[in-house]
Amino acid sequence: MPAATIDNRFVSSVRQDMLAFARLQLRDSELAEDAVQEASTAALHGEQRFSGQAALKTWVFGILKHKIVDLLRQQGRSTPISAYVEEGESLDGKFDSLFKENAHWHPAAAPRDWGNPEAALREKHFWAVFDACLSVLPANTARVFMMREFLEFETAEICSSLGISNSNCHVILHRARAALRGCLEQGWLLAGEKNR
């Protein structure tokens, strides 16, 4: 039996994080509450299945992830493409400004060297910064990013679920990654350089 145990106190401590994630994906507070409640109950009743190979919080979020995926697949909702484009913003113009004529990065827009990303991922502070960066993305952009990267939906499944085109999905994912990269550079990488 693993050393960590799942009890009501543990579930209460991660509930707010679970709710925030579920609300982002489901875009419905009541559905999010239901998904979190079902995941919490499953974790409490399924403690014997927790092998201790992952962090307890990771295991509980895995249960929540599967509940959310099931709900999203059941819903089959669609969102108009206009919901992903900010008013007066040109997607092509914004991304063209990052590159020179020869398709290479402009020096100021090029990604920084991230050092050893695997070591950074192990640090809790990284995830606090990542959560903060994710929360400043437009809700729909963050949702598409999390569907792809965390919930592991295939691009076609995201497009079908949200009623967007394949190319629009790729643009949204590119925008999310670029925004997260910039935010992480400011809040994590540059902050780390100052502390060295």
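Rules and cut-offs
Residues numbered from 1 in each chain as written. Predicted model: local features only at pLDDT ≥ 70, side-chain atom pairs only at ≥ 80, totals over all residues. Heavy atoms only, no water. Helix = DSSP H or I, 4+ residues; strand = E, 2+ residues; numbered from the N terminus. Buried < 20%, exposed > 50% of the residue type's maximum accessible area, 1.4 Å probe, protein only. Areas by Shrake-Rupley, 256 points an atom, 1.4 Å probe, with all protein chains shown as cover. Salt bridge = Lys/Arg side-chain N within 4 Å of Asp/Glu carboxyl O. Contact = heavy atoms within 4.5 Å. Core = buried A, V, L, I, M, F, W, Y, C linked by side-chain atoms within 4.5 Å. Axes fitted to C-alpha atoms, helices over the stretch in contact; angles between N-to-C directions. Parallel < 35°, antiparallel > 145°, perpendicular 65-115°, else oblique. Left-handed = near helix turned anticlockwise from the far one by under 90°. Nonpolar A, V, L, I, M, F, W, Y, C, P; charged D, E, K, R; others polar. Phe/Tyr/Trp six-rings, centres within 6.5 Å; stacked < 30°, edge-to-face > 60°. Lys NZ or Arg CZ within 6 Å of the ring centre and 35° of its normal.

Visitor: It is not clear to me how the overall build of the protein should be interpreted in this structure. Could you clarify?
Guide: When its secondary structure is counted, the protein shows nine helices and zero strands. If you list the helices and strands of the protein from N to C, you get α-α-α-α-α-α-α-α-α. The buried share among the 196 residues of the protein stands at 38%. Of the roughly 11,700 Å² of accessible surface on the protein, 52% is carried by carbon and sulfur atoms.

Visitor: Before we go on, may I ask you to explain the pattern of salt bridges in this structure?
Guide: Opposite charge on two side chains permits them to pair, given that their charged atoms come into close proximity. Per the stated rule, a full pass over the model turns up five salt bridges. Taking the shortest distance from any N to any O, the salt bridge between Glu33 and Arg15 comes out at 2.6 Å. Separated by 18 residues along the polypeptide, Glu33 in helix H2 (residues 29-45) and Arg15 in helix H1 (residues 8-26) bring together distant segments of the chain. In this structure Glu33 comes out as partly exposed when scored by relative accessible area, which is 29%. A salt bridge links Arg181 to Glu185; its shortest N-O distance comes to 3.7 Å. Taken as a pair, Arg181 and Glu185 lie in helix H9 (residues 166-195) at a separation of four residues, close to a single helical turn. A single salt-bridge network, built from bridges that share partners, covers Arg15, Arg23 and Glu33.

Visitor: Would you mind showing me how to read the environment of Arg73 here?
Guide: Of note, Arg73 is situated in helix H3 (residues 56-75). For the pair formed by Arg73 and Ser161, sequence separation is 88 residues and the distance between their alpha carbons is 7.3 Å. The residues touching Arg73, leaving out its near neighbours within four places in the chain, are Phe153 and Glu157.

Visitor: Even after reading the chapter, I still don't get the nonpolar core, so can you show me in this structure?
Guide: Inside soluble globular proteins, nonpolar side chains tend to come together where they are buried. Among the nonpolar cores identified, the biggest contains 44 residues, and Met18, Leu26, Leu64, Ile68, Leu134 and Leu151 are the most heavily contacted of them. Apart from the residues lying within four places of it in its own chain, the contact partners of Ile68 are Phe21, Ala22, Gln25, Leu26 and Leu151.

Visitor: Please clarify how the packing of helix H7 (residues 139-149) against helix H8 (residues 155-162) should be interpreted in this entry.
Guide: Packed helix pairs are specified by the crossing angle of their axes together with the interaxial distance, meaning the distance between the axes. Contact geometry for H7 and H8: axes closest at 10 Å, N-to-C directions at 140°. The angle between H7 and H8 falls in the class oblique. In this structure, the crossing between H7 and H8 has a hand that is right-handed. Residues Arg143, Val144, Met147 and Arg148 of H7 touch H8, and the partners they reach there are Thr155, Ile158, Ser161 and Leu162. Taken together, the residues of the contact of H7 with H8 break down into four nonpolar, two polar and two charged.

Visitor: Looking at this structure, I do not really get the packing of aromatic side chains. What am I missing?
Guide: Inspection of the entire model under this criterion finds three aromatic pairs. Centre to centre, the rings of Phe130 and Phe145 are 6.4 Å apart; their planes meet at 45°, and the pair counts as tilted. Here Phe130 is found in helix H6 (residues 124-136), whereas its partner Phe145 is found in helix H7, with 15 residues between them in sequence. The residues Phe130 and Phe145 share a single accessibility class, namely buried. Aromatic rings pair up to connect Phe21, Phe61 and Phe150 into one cluster. Above the plane of the ring of Phe150 lies Lys65, whose end atom (NZ or CZ) is 5.9 Å from the centre.

Visitor: What should I look at first to understand the environment of Ala179 in this one?
Guide: As for its position among the elements, Ala179 is in helix H9. Once the C-alpha coordinates of Ala179 and Val136 are considered, the two residues, 43 residues apart in sequence, prove to be 9.2 Å apart.

Taken by themselves, the reported measurements are silent on function.
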